[in-house]
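Survey of secondary and tertiary structure
The chain contents come next:
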Amino acid sequence: MNLNPVVRVRVPATSANLGPGFDAFGLALSLYDELTVTPGGSGVTVEVVGSGAGEVALDESHLVVRAIRAGLESLGAVVPGFRLRCENRIPHGRGLGSSSAAIVGGIAAAYGLTGTPLDRDRVVELANEIEGHPDNVAAAALGGFTIAWTDGETGRAIRLEPEAGLAAIAYVPGTRVLTREARGLLPAAVPHGDAAANAGRAALLVAALTSRPELLMTATEDRLHQAYREPAMPESLALVHKLRGSGLPAVVSGAGPTVLVLTVASEEVRVLPLGSSDVSGGLAAAPDGWERYELGIEPLGVQVWSGSQPVERE
Ligand SMILES: Nc1ncnc2c1ncn2[C@@H]1O[C@H](COP(=O)(O)OP(=O)(O)O)[C@@H](O)[C@H]1O
Ligand SMILES: [Mg+2]
């Protein structure tokens, strides 16, 4: 098999749940990890700069390496060795989809190495098998606003076009919460009234994110997961309450502890104008020790280049 001599991948951060859309909704954000993969030799050499440097394993157990291997296997390709360089900007263990970015990026790199046009639905399927839930991988693979589900064991997703001007502010604390730890706090059953309220809010959030942003505040109300996770991230829940109390649609990003505020910079709706004094100071300032990112929505999802050529033209 002829392999491309070098492949570059850019894969976005993602926020899942968005309040009521537990395990289903995802949003791709303009914060990226970049991978460079060069085939050759018989083993793997991994170099990491940025997030995770000095922390993640640099061998076959590295998440991107595992995803590249899984992608190659699904494409029926044999590539004994390669060099992987990761330039990571997505913080780890904060609820911004670093594990999904690693997995989707690795699988996309396998497509690039073999020169196979990217099959994004297949990437979602395969990435879900590794990640165990499809919400973040869907947004990383498809871009925009995604709704994911599982058909039996199979991860599936659709992409919807977000309202023009939709953006997000991520408040990222210095401490991390592992996804499996946050999942462990959820009860086995919830009151019927809470389930019903969430179903209605989730449906409303689809409308709010795609065409009715003035409804974002109501549409981001959640009763299924955020409050249960408060013991693992009390400061995050306190920030959500404070921001919501001042009229900003704030949610816990994924399994936390990052807090995400959805914003729309448009003429008609000023949910929260980016760059205004309200944002950088005052009510919406980041707490001490937290980082604050102003992010756009990534429209395309993961991108792959071999040499200087995009593997897939949109
Ligand atoms: N780019 C990456 N390269 C290697 N491993 C990664 C990468 N991103 C995430 N991981 C692994 O996933 C863990 C974080 O996953 P998770 O708890 O799901 O948090 P997140 O919300 O950031 O996805 C990291 O501690 C690391 O083991
Ligand atoms: Mg994760």
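Residues numbered from 1 in each chain as written. Chains lettered and ligands numbered in written order. Predicted model: local features only at pLDDT ≥ 70, side-chain atom pairs only at ≥ 80, totals over all residues. Heavy atoms only, no water.

**Describing the domain arrangement of the protein chain**
If you check the domain split of the protein chain, you get domain 1 (7-161 + 300-310) and domain 2 (166-296). The straight-line distance from the C-alpha centre of domain 1 to that of domain 2 is 24 Å. Facing the 26 residues of domain 1 at the interface are 38 residues of domain 2. For the pair domain 1 and domain 2, the summed buried surface comes to about 2,400 Å²; carbon and sulfur atoms form 62% of the total. Three residues stand out in domain 1 for area buried against domain 2, namely Pro 20, Phe 22 and Arg 94, and they jointly supply 28% of the buried area on that side. Counting across the interface, domain 1 meets domain 2 through 2 salt bridges. (Domains from an automatic or database assignment. Contact = heavy atoms within 4.5 Å. Buried area = accessible area lost by both parts, 1.4 Å probe. Salt bridge = Lys/Arg side-chain N within 4 Å of Asp/Glu carboxyl O.)

**Structural notes on the nonpolar core**
Counting residues in hydrophobic clusters, the biggest one holds 70 residues, and the most contacted among them are Ile 68, Leu 84 and Val 104. Residue contributions to this core peak at 10 residues, all from helix 2 (residues 98-114). Aside from chain neighbours lying at most four places away, what touches Ile 68 is Val 37, Phe 82, Leu 84, Gly 106, Ile 107, Ala 109, Ala 110 and Leu 113. Ranked by size, the runner-up nonpolar core spans 16 residues in total, among them Val 177, Leu 237, Val 240 and Leu 243. (Core = buried A, V, L, I, M, F, W, Y, C linked by side-chain atoms within 4.5 Å. Buried < 20%, exposed > 50% of the residue type's maximum accessible area, 1.4 Å probe, protein only. Helix = DSSP H or I, 4+ residues; strand = E, 2+ residues; numbered from the N terminus.)

**Focus on the layout of surface pockets**
Each pocket or cavity is described by its volume, and for the largest pocket that value is around 880 Å³. Together, 42 residues line the largest pocket, and Leu 63, Ser 98, Ser 99, Glu 131 and Thr 179 are the ones closest to its centre. With 6 residues, the top contributor of residues to the lining of the largest pocket is helix 2. Residues that form the lining of the largest pocket fall into these classes: 16 nonpolar, 15 polar and 11 charged. (1 Å grid on protein atoms, 1.4 Å probe; cavity = no way out; pocket = protein on both sides within 12 Å on 5 of 7 lines; lining within 4 Å. Points joined across faces, edges and corners; volume = space filled by probe spheres on them. Nonpolar A, V, L, I, M, F, W, Y, C, P; charged D, E, K, R; others polar.)

**A word on the confidence of the model for the protein chain**
In the predicted model, the protein chain carries a mean pLDDT of 91, and 91% of its residues have values of at least 70. Note on residues 267-281: pLDDT under 50 across the span, and 31 contacts to partners over four residues away in sequence or across chains. (pLDDT = per-residue confidence, 0-100.)

**Some words on the pattern of salt bridges**
Under the counting rule described, the total for this entry stands at 14 salt bridges. Between Arg 176 and Glu 55 there is a salt bridge; the shortest N-O distance is 3.0 Å. Of this pair, Arg 176 sits in the loop between strand 7 (166-172) and helix 5 (179-183) while Glu 55 sits in the loop between strand 3 (44-50) and helix 1 (63-74); the two residues are 121 residues apart in sequence, bridging distant segments of the chain. You can call Arg 176 partly exposed: its relative accessible area is 40%. Glu 55 gets classed as exposed once you look at its relative accessible area, which sits at 55%.

**Digging into the site of ligand 1**
Residues in close proximity to ligand 1 total 19 residues, the closest being Gly 93, Gly 95, Ser 98, Ser 99 and Thr 179. His 92 is positioned such that a nitrogen or oxygen atom in its side chain is 3.2 Å from a nitrogen atom of ligand 1. The separation between an oxygen atom of ligand 1 and a polar side-chain atom of Ser 99 is 3.0 Å. Protein coverage of the free-state accessible area of ligand 1, which is 560 Å², stands at 82%. Cavity membership is defined here by more than half of the atoms lying within 2 Å of grid points; on that basis ligand 1 lies in the largest pocket. Going through the elements one at a time, helix 1 and helix 2 are the ones with two or more residues in the shell around ligand 1. Top element by residues in the shell around ligand 1 is helix 2. It accounts for 3 residues. Considered class by class, the residues forming the shell around ligand 1 number 7 nonpolar, 9 polar and 3 charged. (Near = heavy atom within 4 Å. Polar contact = N/O pair within 3.5 Å; in protein donor to acceptor, adjacent residues only side chain to side chain. Areas by Shrake-Rupley, 256 points an atom, 1.4 Å probe, with all protein chains shown as cover. Sits in = over half its atoms within 2 Å of the grid points.)

**A closer look at the UniProt feature "binding site: ATP" (unreviewed entry) in the protein chain**
Within this numbering scheme, the UniProt entry marks Pro 91, His 92, Gly 93, Arg 94, Gly 95, Leu 96, Gly 97, Ser 98, Ser 99, Ser 100 and Ala 101 as carrying the feature "binding site: ATP" (unreviewed entry). Cross-referencing the annotated residues with the largest pocket identifies His 92, Gly 93, Arg 94, Gly 95, Leu 96, Gly 97, Ser 98, Ser 99, Ser 100 and Ala 101 as lining it. With respect to the secondary-structure elements, Gly 95 resides in the loop between strand 4 (82-88) and helix 2. Its location among the elements puts Ser 99 in helix 2. (UniProt positions renumbered as here; feature names shortened; annotations may be inferred.)

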